[in-house]
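# Results of the structural survey
If you want the building blocks of each chain, they are given just below.
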Amino acid sequence: YWPLAAILTVYALLIVIFPLRMQVMESYAYAAAAEGYYNLSQTFALLQPDKILPDISSYHPNHPLGHLLPAAVHRAFGFDAMVLFRLRNGISALVFIAFFYLAAMRLVGQRAAVITATLCVMFTYVFWGAALSGETQIPALALLMATAYFLLLFFAPETGGRVVQILAAAGCYIFAGGSHL
């Protein structure tokens, strides 16, 4: 697993060394809502002015866990919500990369090809931007990649059929839905 450890270490360092300095609007709105000084319902009310919507600042209906956890940590410890969103995304990117690499090794088995494919995915504009931003997509992607890996294990003739593998896949899938619907 040394190539995976090297890839994860380098990527983590790059995330720290090259932070995204300007976030997209949603990242700022989500962080402000998690900190409690912006009512996220106002954004949804723009298209439904005749509706009175509840305050969804701590529990966004499209990505409930994505807001609930950083908001809870902010309230408990006072950490900057944007930092929490970005930290969550950086860790999620590393989790995605790890499961992508492991799944690709099971499917392809050629280390050089898997390393190349992993590096290509890591440095696509979409993945790199999601890893650095305060958006909410990458945790769900990481959990879906974990789901795929556990399903590969479950269906593999040499290691498969264990209840724990299918339960892990189901759990990751459920939390992926809770992270981003």
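Description of the structure in this document. (Residues numbered from 1 in each chain as written. Predicted model: local features only at pLDDT ≥ 70, side-chain atom pairs only at ≥ 80, totals over all residues. Heavy atoms only, no water.)

Secondary structure summary: the chain contains nine helices and zero strands in total. Element order for the chain, N to C, with α for helix and β for strand: α-α-α-α-α-α-α-α-α. With the C-alpha coordinates of the chain rotated into their principal frame, the extents come out at 55 × 40 × 30 Å. Buried residues in the chain amount to 39% of all 181 residues. Total accessible area on the chain is roughly 10,200 Å²; 73% of this is exposed by carbon and sulfur atoms. Taking the 8 positively charged and 7 negatively charged side chains of the chain as two groups, their mean positions are separated by 13 Å. (Helix = DSSP H or I, 4+ residues; strand = E, 2+ residues; numbered from the N terminus. Buried < 20%, exposed > 50% of the residue type's maximum accessible area, 1.4 Å probe, protein only. Areas by Shrake-Rupley, 256 points an atom, 1.4 Å probe, with all protein chains shown as cover. Lys, Arg positive; Asp, Glu negative; His and termini not counted. Charge placed at Lys NZ, Arg CZ, Asp CG, Glu CD.)

Here we come to the pattern of salt bridges. Applying the stated criterion across every chain, the model contains one salt bridge. The shortest N-O distance in the salt bridge between Glu-158 and Arg-106 comes to 2.6 Å. In this pair, Glu-158 sits in the loop between helix H8 (137–155) and helix H9 (163–179) while Arg-106 sits in helix H5 (residues 81–107), placing the two residues 52 residues apart along the sequence. When its relative accessible area of 33% is taken as the criterion, Arg-106 is described as partly exposed. (Salt bridge = Lys/Arg side-chain N within 4 Å of Asp/Glu carboxyl O.)

Our next topic: the packing of H8 against H9. A pair of packed helices is characterised by two quantities: the angle between their axes and the separation of those axes. Two elements in contact, H8 and H9, have axes separated by 8 Å at closest approach and are oriented at 165 degrees. For the element pair H8 / H9, the angle class is roughly antiparallel. H8 and H9 meet at a crossing whose hand is left-handed. When H8 is examined against H9, the residues Pro-139, Ala-140, Leu-143, Leu-144, Ala-146, Thr-147, Phe-150, Leu-151, Leu-153 and Phe-154 are found in contact with a partner set consisting of Gln-165, Ile-166, Ala-168, Ala-169, Cys-172, Tyr-173, Phe-175, Ala-176 and Ser-179. Residue classes in the contact of H8 with H9 are distributed as 16 nonpolar, three polar and no charged. (Axes fitted to C-alpha atoms, helices over the stretch in contact; angles between N-to-C directions. Parallel < 35°, antiparallel > 145°, perpendicular 65-115°, else oblique. Left-handed = near helix turned anticlockwise from the far one by under 90°. Contact = heavy atoms within 4.5 Å. Nonpolar A, V, L, I, M, F, W, Y, C, P; charged D, E, K, R; others polar.)

What follows covers the packing of aromatic side chains. For the structure shown, the criterion picks out 11 aromatic pairs. Judged by centre distance (5.1 Å) and plane angle (45 degrees), the ring pair of Phe-96 and Phe-127 falls under tilted. Remark: Phe-127 occurs in helix H7 (residues 125–132) and Phe-96 occurs in helix H5; sequence separation between them is 31 residues. Judged on exposure class, the residue Phe-96 and its partner Phe-127 are both buried. These aromatic residues form a ring-pair network of at least three members: Tyr-11, Phe-96, Phe-100, Phe-123, Phe-127 and Trp-128. (Phe/Tyr/Trp six-rings, centres within 6.5 Å; stacked < 30°, edge-to-face > 60°.)

Bringing the environment of Leu-65 into the picture now. Take Leu-65: it is sitting in helix H4 (residues 64–77). On the basis of relative accessible area, Leu-65 is assigned to the partly exposed category, the value being 24%. Expressed as a C-alpha distance, the spacing of Leu-65 and Gly-177, which sit 112 residues apart in the sequence, is 9.0 Å.

What follows covers helix H1 (residues 2–17). Given a rise of 1.5 Å per residue, 16 residues ought to cover 22 Å, and the 22 Å separating the end C-alpha atoms of H1 matches this to within 8%. Here the buried face of H1 lies against H5, helix H6 (111–122) and H7. (Expected span 1.5 Å × (residues − 1).)

Taken together, the side chains of Leu-151, Phe-155, Val-163, Ile-166 and Leu-167 make up a nonpolar region of the molecular surface, amounting to roughly 480 Å² of accessible area. With respect to the helices and strands, Leu-151 occurs in helix H8. By relative accessible area, which is 30% here, Leu-151 ends up partly exposed. (Patch = residues over 30% accessible without salt bridge, like charges linked within 9 Å, V, L, I, M, F, W, Y side chains within 5 Å.)

Right, let's get into the environment of Ala-156. As for its placement among the helices and strands, Ala-156 is situated in the loop between H8 and H9. Sequence separation between Ala-156 and Arg-106 is 50 residues, and the spatial gap between their C-alpha atoms is 9.1 Å.

Running from N to C, helix H2 (residues 25–35) and H5 cross one another at 120 degrees; their axes reach a closest spacing of 8 Å. As summarised for this structure, H2 and H5 are arranged oblique, according to the angle between their axes. In the packing of H2 onto H5, the handedness of the crossing is right-handed. Mapping the contact onto sequence places Ser-27, Tyr-28, Tyr-30, Ala-31, Ala-34 and Glu-35 in H2 and Ala-81, Met-82 and Phe-85 in H5. Across the contact of H2 with H5, the residue classes break down as seven nonpolar, one polar and one charged.

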